[in-house]
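Single-letter residue listing:
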Amino acid sequence: MGLIAYIKSLFILQLLVGFVFVVSGLIINFIQLCTCVLWPIDRQLYRKINTRLSYSLWSQLVMLLEWWSGTECTIFTDQATVDKFGKEHVIIILNHNYEIDFLCGWTMCERYGVLGASKVLAKYELLKVPLIGWTWYFLEIVFCKRKWEEDRDTVFKGLTQLKDYPEFMWFLLYCEGTRFTPKKHEISMEVAESKGLPKLKYHLLPRTKGFTTTLSCLKGTVSAVYDVTLNFRDKKVPTLLGIVNGKKYMADMNIKRYPVEEIPEDEKECATWLHKLYQQKDALQEHYEKEGSFPGPTIKPPRRLWTLLNFLFWATLLLTPLLNFACGVFVSGSPLLIVGFLIFCIIASIAVRRLISVSEVNKTGSTYGKMEGKKEN
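Worth saying up front: this structure is predicted, and the values here are computed from it rather than measured.

Undergrad: Describe in detail the packing of aromatic side chains, supporting the description with residues and values.
TA: For the coordinates displayed, the defined rule picks out 16 aromatic pairs. Judged by centre distance (5.8 Å) and plane angle (10°), the ring pair of Phe211 and Trp273 falls under stacked. Note that Phe211 is positioned in helix α9 (residues 208–217) and Trp273 in helix α11 (residues 267–291), a separation of 62 residues in sequence. Through a chain of ring-to-ring contacts, three or more aromatic side chains come together here, namely Trp58, Phe102, Trp106 and Trp136. A cation over a ring is seen here: Lys8 above Trp68, with NZ or CZ 6.0 Å from the ring centre. A cation sits over an aromatic face here: Lys145 above Tyr124, 5.1 Å from the ring centre.

Undergrad: How would you summarise unusual backbone geometry if you had to cite specific residues and measurements?
TA: Positive phi values are uncommon outside glycine, yet Glu140 reaches one of about 65°. Topologically, Glu140 is positioned in the loop between α6 (132–138) and β4 (142–144). A relative accessible area of 10% places Glu140 in the buried class. Phi at Asp234 is positive, roughly 60°, even though this residue is not glycine.

Undergrad: How would you summarise the domain arrangement of the protein if you had to cite specific residues and measurements?
TA: Frequently, the measure chosen for interface size is the accessible area removed from exposure when the parts meet. Each assigned domain of the protein is listed with its residue range as follows: domain 1 (9–304) and domain 2 (320–356). With 14 residues of domain 1 at the interface, the matching set in domain 2 holds nine residues. A buried area of about 870 Å², summed over both sides, lies between domain 1 and domain 2, and 93% of it is on carbon and sulfur atoms. For the pair domain 1 and domain 2, the number of links is zero salt bridges. Seen at the junction of domain 1 and domain 2, the total is zero residue pairs in polar contact (both at pLDDT 80 or more).

Undergrad: Can you lay out helix α12 (residues 306–332) for me, pointing to particular residues and giving the numbers?
TA: Helix length check: α12, at 27 residues, gives a terminal C-alpha distance of 39 Å against a target of 39 Å (1.5 Å per residue), a fit within 8%. Here α12 has its buried residues at Thr307, Asn310, Phe311, Trp314, Ala315, Leu318, Leu319, Leu322, Ala326 and Val329. Directly after α12, the chain includes Gly333, whose backbone phi takes a positive value near 75°.

Undergrad: Describe in detail the UniProt feature "domain: Phospholipid/glycerol acyltransferase" (unreviewed entry) in the protein, supporting the description with residues and values.
TA: The feature "domain: Phospholipid/glycerol acyltransferase" (unreviewed entry), as given by UniProt, occupies residues 90–212 in the numbering adopted here. Split by type, residues 90–212 is 41% helix and 14% strand. Its first and last C-alpha atoms lie 14 Å apart.

Undergrad: Which residues make up the side chain of Glu99, and what values do they have?
TA: The residue Glu99 is located in the loop between β2 (90–94) and α5 (101–111) in this model. Of the side chains with opposite charge, Arg179 lies nearest to the buried Glu99, which makes no salt bridge, at 6.3 Å. In this structure the side chain of Glu99 is engaged in a polar contact, spanning 3.3 Å, whose partner is the backbone nitrogen of Leu240.

Undergrad: Any details on the UniProt feature "transmembrane region" (unreviewed entry) in the protein? Residues and values, ideally.
TA: Taking the numbering used here, the UniProt-annotated feature "transmembrane region" (unreviewed entry) corresponds to residues 12–39, 308–331 and 337–356. Secondary structure across residues 12–39 divides into 82% helix and 0% strand, with the first and last C-alpha atoms of the span separated by 41 Å.

Undergrad: So what's going on with the nonpolar core? Which residues, and what values?
TA: Ranked by internal contacts, the top residues of the largest apolar core, which has 98 residues, are Trp58, Trp136, Trp170, Phe211, Val225 and Tyr226. Per element, the largest residue contribution to this core is 10 residues, and it comes from helix α3 (residues 43–68). Looking at which domains feed residues into this core, each of domain 1 (9–304) and domain 2 (320–356) gives three or more.

About the cut-offs
Residues numbered from 1 in each chain as written. Predicted model: local features only at pLDDT ≥ 70, side-chain atom pairs only at ≥ 80, totals over all residues. Heavy atoms only, no water. Phe/Tyr/Trp six-rings, centres within 6.5 Å; stacked < 30°, edge-to-face > 60°. Helix = DSSP H or I, 4+ residues; strand = E, 2+ residues; numbered from the N terminus. Lys NZ or Arg CZ within 6 Å of the ring centre and 35° of its normal. Buried < 20%, exposed > 50% of the residue type's maximum accessible area, 1.4 Å probe, protein only. Domains from an automatic or database assignment. Contact = heavy atoms within 4.5 Å. Buried area = accessible area lost by both parts, 1.4 Å probe. Salt bridge = Lys/Arg side-chain N within 4 Å of Asp/Glu carboxyl O. Polar contact = N/O pair within 3.5 Å; in protein donor to acceptor, adjacent residues only side chain to side chain. Expected span 1.5 Å × (residues − 1). UniProt positions renumbered as here; feature names shortened; annotations may be inferred. Lys, Arg positive; Asp, Glu negative; His and termini not counted. Core = buried A, V, L, I, M, F, W, Y, C linked by side-chain atoms within 4.5 Å.

What follows is the structure in structure tokens.
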């Protein structure tokens, strides 16, 4: 292990990075709360401010991927598609196989200037997660319980409200509904067989309702759908904890742009189009499995300094008083102060670990399969 890799693996250093993220996030959430007074006065100003506030938080996670771990992302697409990145409202369809797939999506958002305005159709449980759920709430993220009877009005209202969003947004959809695991795949393919749908090898059966509803509600705003298929070289299975430990990964993303004019408006035909798209995604993954690469031209968008500068700003602002306080505590020699400070560090480390666990595959708390056979696609 090299010196730099050893330093990145030090728990105390990781704890300080986590401290910066958590405390800066709480500060940002408080500022977001204060901006709520702008909503009835100037909704677009509220949105622009919150877009930048959320960027200041999310870019810290992107910094971990790009600068801390040094993970590289290569895009497989044509230049004409790249030229449109960050210049239009789009829906992103991304396969849900890895703990850090959202982070790879965010790094592309950051490099093309749409990180702060990135959206997602998120499960309701995430609303209760500190920092992440709270920030998303102020960003008008649409939360759903994945029970259409309960979600219908909330989803329609939330999506329709985004039609006049002032910043170009990339709206992420995990059409599979949950992260891929062998057990979920087995259940999903049983459903596919019962419905006479083609089986998939590398994906779960897509849930079409979310896609067709999103596309319908954002009609006239969204100009294209980007199909993104993500994989990692050398068959690596990356984790967020690995990123925190400074482990480098090589991500490959195949991106294909579909103008909305090419997608059927009829709900059933649109659902059929999505199923065919996932068959194509499956073929792409099969190609990657055999060749170790996606077909087509490659582009490596350069990482930007903004994520690093943003983190250094927060680190300087928050760590300077913390370190001064820590020195004062230990210099004082007071057992009570020292024990209190150590307890604070333990609580902080637990909080950071809990946040990381939100993304872990084996701790997502998914109930996939319990009601899957009763859902309609």
